[in-house]
Amino acid sequence: MNLLLLAVGLTLLRCPQALHWGPQDPNFNETLVSGEWFLARLASNQPKLLKEDEDARLLIHRIQVTPRALQLHLRRKVNGACVPITMTANKTKRKFQYLLENAAQNRVFLGKADPKSYIILCNHREGREKEVVAVSLLSRTPEASPDALLMFTDYCRNHGIHTTNIINVTRTGGCPPLPQPRGAEGTARTSTQLATDPCLCA
């Protein structure tokens, strides 16, 4: 029995898909996650990615769902300024799993979701020494509900992320909403330009 449990544990570690079941309803309509969001919490198994000045730290504020992909609208802090970015996560054969364009083995999973209140997104990327995991809690309101925060903490714990590696973005300098400038498509970096970036950390 102990050997069987060990084998199962090793399989889960090598196969992150096994840890992701998505929303409780298998018929969940992904289009419900479209719209504006507030980034409430960030967590990672790599604490350095949570630093405010970390180049890889990306802040999701809007999601668009298309028949084939999630369009993630983010902001990235560069020299204290918030720069708009758009990234595309294409749907895969696995439900609620997406693959970032031009970023090999950089996967995004839709986790727990109550689209009127919150969603959890989890990103897995192969690192130099071990897999990098980053988890984001998005809320429809500036302050996430206590139930959403508890759900997020449990979700992180189940993915091997300690509570000390969870940060409150609303208190650590997230990007405030920005007006859309004219010709914004000329200012936003594309997913192609970000292909060599370390990871999607939000």
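Being a predicted model, the structure only gives us computed values, none of them experimental.

> Please set out the pairing of strand β7 (residues 106-114) residue by residue, giving values where relevant.
Bridging between strand β6 (residues 97-100) and β7 involves 3 bridges; their strand directions are antiparallel. Its bridge partner being in β7, L99 is matched across the sheet by R107. Once β7 ends, the chain turns through 3 residues before running back antiparallel as strand β8 (residues 118-125).

> Quick rundown of unusual backbone geometry? Include the residues and the values.
Phi at F96 takes a positive value of approximately 65 degrees, unusual for a residue other than glycine. For F96, a relative accessible area of 5% translates into the label buried.

> Go over the sheet that holds strand β1 (residues 35-36) with me, naming the residues and quoting the values.
Spatially, the 10 strands line up as an open sheet ordered β1-β3-β4-β5-β6-β7-β8-β9-β2-β10, and their pairing is antiparallel. Of all the strands in the sheet, just β1 and β10 (166-168) have a single pairing partner and so form its edges. Sheet analysis places β8 next to strand β9 (residues 132-139), joined by 8 bridges and oriented antiparallel. Of the residues in β9, the one forming a bridge with I119 is L138.

> Can you lay out the packing of aromatic side chains for me, pointing to particular residues and giving the numbers?
Within the structure shown, the criterion is met by 1 aromatic pair. For the pair F28 and F96, a centre-to-centre distance of 6.3 Å together with 65 degrees between the ring planes defines the contact as edge-to-face. Linking F28 in the loop between α1 (2-14) and β1 with F96 in the loop between β5 (81-91) and β6, this pair joins segments that are 68 residues apart in sequence. Accessibility classification places F28 together with F96 in one group, the buried group. Across from the ring centre of W37, 3.7 Å away, lies the NZ or CZ of R140, which sits over that ring.

Criteria and thresholds
Residues numbered from 1 in each chain as written. Predicted model: local features only at pLDDT ≥ 70, side-chain atom pairs only at ≥ 80, totals over all residues. Heavy atoms only, no water. Pairing = 2+ DSSP bridges. Helix = DSSP H or I, 4+ residues; strand = E, 2+ residues; numbered from the N terminus. Buried < 20%, exposed > 50% of the residue type's maximum accessible area, 1.4 Å probe, protein only. Phe/Tyr/Trp six-rings, centres within 6.5 Å; stacked < 30°, edge-to-face > 60°. Lys NZ or Arg CZ within 6 Å of the ring centre and 35° of its normal.

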